[in-house]
Amino acid sequence: MNNLYRHLHHNHHHRSAFRRFLYLRTKCGVASSSKPATKTNDNEDDMPKVIYSLGPAMGHNRYVYGIDSNSRIRYILNALEDAKLTPEFRGSKIKQLTKIRKATLEEITSVHSRSYYSFLEKTVEDAKASEDGLIEIEKSKPLPTYVTGTTLNDSLIAAGTGLSLVDAVVAASRIIENPPVGFALIRPPGHHAIRDRAMGGCIFNNVSIAARYAQRKHGLKRVFIIDFDAHHGNGTSDAFYDDPGVFYLSTHQDGCYPVDTGRFDDIGSGNGEGATLNLPLPQLSGDVAMRTAFDEVIVPCAQRFKPDMILVSAGYDGHHLEGTSDWQMTTRISYPLAYGIKQLAEDLCGGHCVFFLEGGWRTDTLKVSIEESFRAFIGEPSIANNFEKQFDYWLKDEPSSQIKQAIQRVKNLHSL
């Protein structure tokens, strides 16, 4: 374990700026649309701290034994049950939203083209008629994109699950001061999908569709999207590149898939110039890099933007045991990251916050990361160290000078 990482976790006198943020709430304005006058704290103890919903897509890619297994969401649910992080064990603290719907054609085409939707309709029928029931439509590595007979239906459910959670969080915010965080445990993931085609295993851009929906349905005009997946969310970036109403902020591995997007100087265009922030971090970046990025980049950006809602592309594939990136995050970072984002939402936008599952393909690390996020949401202690301590000797020194240079460069570009 590197010295900085050891010092951060084992010297109780040390308090990073990131940790100070967890205890010292920021004092920023909240848009009037986010603070109805009828809010009360009287019944807060009876309200959940997190609402989750499932879009398991059991028919999508059912024959593909790759990293996006059709058992992925069910595995997460079983893990939450084993960890006693479901309504059965936590009562009112945790709620599963079971009443979800499909996204409509109008909602999908707020981000994607009608011709792409028609292509998917035809390809699904072709897959049903094919010998193996499967058609490859895009060849990204490490995650190509396949279509099976249920892919369109499953993808509409995935996008609709996110919209249902947006509705639930906004509804709760009308009656209590700190509404629950939403978490869409869904597949296919979404942040690589662009307007006219699928990419990187993503069919519809779930978080982008939710951002447009929040604006149009609920009047939440300023949406802040945080993407901490190890891979750049090129589709989300493209969707809002010239839109000043959506701030897209991505931390991702420099030079990782997709290699030609997510550069420092990709900051938006036209009226949206400055509303895209890319922070490519070097190989071997770990928990210290993410903590620093949160404190020095994510927090001040959110404070300055003053969003009406925060949406999160929650990708857990930066873990050091993953095979799809060269970062070395641990599951220990999941708790403070989830807690910090929750606090940002409470301070800036009336608690309007929904997480969307993106990457994270190794099931043992994925389950711990999501369990830690849930513990952060409900205010229970982290237990990630029980899992990670067996791997600590694998961690290498983080490239501190390169990380510092990257963070300083993006701060200079965006006047932070």
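As the structure is a computational prediction, the values presented were derived from the model and not from experiment.

What counts and how
- Residues numbered from 1 in each chain as written.
- Predicted model: local features only at pLDDT ≥ 70, side-chain atom pairs only at ≥ 80, totals over all residues.
- Heavy atoms only, no water.
- Salt bridge = Lys/Arg side-chain N within 4 Å of Asp/Glu carboxyl O.
- Buried < 20%, exposed > 50% of the residue type's maximum accessible area, 1.4 Å probe, protein only.
- Helix = DSSP H or I, 4+ residues; strand = E, 2+ residues; numbered from the N terminus.
- Arc of directions from axis to C-beta.
- Polar contact = N/O pair within 3.5 Å; in protein donor to acceptor, adjacent residues only side chain to side chain.
- Contact = heavy atoms within 4.5 Å.
- Disulfide = S-S within 2.5 Å.
- Pairing = 2+ DSSP bridges.
- pLDDT = per-residue confidence, 0-100.
- Axes fitted to C-alpha atoms, helices over the stretch in contact; angles between N-to-C directions.
- Parallel < 35°, antiparallel > 145°, perpendicular 65-115°, else oblique.
- Left-handed = near helix turned anticlockwise from the far one by under 90°.
- Nonpolar A, V, L, I, M, F, W, Y, C, P; charged D, E, K, R; others polar.
- Phe/Tyr/Trp six-rings, centres within 6.5 Å; stacked < 30°, edge-to-face > 60°.
- Expected span 1.5 Å × (residues − 1).

(A) Fine view of the pattern of salt bridges. Throughout the structure, instances matching the rule amount to 15 salt bridges. A salt bridge links Asp 364 to Arg 362; the shortest N-O distance between them is 2.8 Å. Under the relative-accessibility criterion, Asp 364 is labelled partly exposed at 21%. For Arg 362, a relative accessible area of 33% gives the class partly exposed. A salt bridge links Arg 375 to Glu 372; its shortest N-O distance comes to 3.0 Å. Remark: Glu 372 and Arg 375 occur in helix α12 (residues 363-378); sequence separation between them is three residues, near one turn of the helix. Of the two residues, Arg 375 and Glu 372, both sit in the buried class.

(B) Spatial organisation of helix α3 (residues 72-82). Three or more residues of α3 are buried, namely Arg 72, Ile 73, Ile 76, Leu 77, Ala 79 and Leu 80. Buried residues of α3 fall within an arc of 160 degrees about the axis and therefore sit on the same side. Immediately downstream of α3, the backbone of Lys 84 shows phi near 60 degrees, a positive value.

(C) Representation of the side chain of His 191. Among the secondary structure elements, His 191 is positioned in the loop between β5 (181-186) and α8 (206-218). Only 3.4 Å separates the side chain of His 191 from the side chain of His 192, close enough to count as a polar contact. When near neighbours in sequence (up to four residues on either side) are disregarded, His 191 contacts Cys 202, Asn 205, Asp 227, Asp 229, His 231, His 232, Gly 233, Asn 234, Gly 235, Thr 236, Ser 313 and Glu 358.

(D) Broad picture of the state of the cysteines. Taken as a whole and judged by the stated rule, the model has zero disulfides. Looking at Cys 353, it has no disulfide partner, and the nearest cysteine sulfur is the one in Cys 349, 7.1 Å off. Taking the relative accessible area as the measure of exposure, Cys 353 reaches 1% and is therefore buried.

(E) Structural detail: the pairing of strand β3 (residues 134-138). Looking at chain direction, β3 and strand β4 (residues 145-148) are connected through four bridges and run antiparallel. Of the residues in β4, the one forming a bridge with Glu 138 is Thr 145. A loop of six residues connects β3 with β4, the two strands running antiparallel in sequence.

(F) Seen up close, the confidence of the model for the protein. Residues with a pLDDT of 70 or more make up 88% of the protein, whose mean pLDDT is 90. Considering each helix and strand of the protein separately, the mean pLDDT is smallest for helix α1 (residues 3-10), with a value of 34, and largest for strand β6 (residues 223-227), with 99.

(G) Up close: the packing of helix α11 (residues 334-348) against α12. Packing of α11 against α12 brings their axes to within 8 Å, and their N-to-C directions diverge by 40 degrees. Here α11 is positioned oblique relative to α12, judged by the angle of their axes. Handedness of the α11/α12 crossing: right-handed. From α11, Ser 334, Tyr 335, Ala 338, Tyr 339 and Lys 342 reach across to α12, where they touch Ser 369, Glu 372, Ser 373, Arg 375, Ala 376 and Phe 377. A per-class count over the contact of α11 with α12 returns five nonpolar, three polar and three charged.

(H) Structural context of the sheet that holds strand β1 (residues 50-55). Reading across from one edge, β2-β1-β5-β10-β9-β6-β7-β8 is the order of the eight strands in this open sheet, with parallel pairing throughout. The outermost strands of the open sheet, each flanked by one partner alone, are β2 (94-96) and β8 (276-281). Here the strands of the sheet are splayed against their neighbours by 15 degrees on average, with no regard to which way each runs. Relative to β8, strand β7 (residues 246-253) is paired through six bridges, and the arrangement is parallel. Bridge pairing in β8 links Leu 249 to Leu 277. Together, β6, β7 and β8 form the strand contacts of helix α10 (residues 287-305), whose direction differs from that of β7 by roughly 170 degrees.

(I) Representation of the packing of aromatic side chains within the structure. Per the counting criterion, the structure on display carries 14 aromatic pairs. Summarising the aromatic geometry, the rings of Tyr 116 and Phe 204 are spaced 6.2 Å apart at their centres and angled 85 degrees between planes, so their arrangement reads as edge-to-face. In this pair, Tyr 116 sits in helix α6 (residues 114-129) while Phe 204 sits in the loop between β5 and α8, placing the two residues 88 residues apart along the sequence. Relative to Trp 394, the ring of Tyr 393 lies with its centre 5.9 Å away and its plane at 80 degrees, an arrangement referred to as edge-to-face. Residue class for Trp 394 comes out partly exposed when judged on its relative accessible area of 43%.

(J) Quick look at the side chain of Asn 205. Tracing the sequence through the fold places Asn 205 in the loop between β5 and α8. Those residues in contact with Asn 205 that sit more than four places away from it in its chain are Val 111, His 112, Gly 190, His 191, Ala 193, Gly 235 and Thr 236.

(K) Up close: α12. With 16 residues, α12 extends 23 Å from end C-alpha to end C-alpha; this agrees with the ideal 22 Å at 1.5 Å per step. Across the 16 residues of α12, 13 count as buried, placing the element largely inside the fold. Remark: Gly 379 follows α12 within two positions and exhibits a positive phi of approximately 80 degrees.

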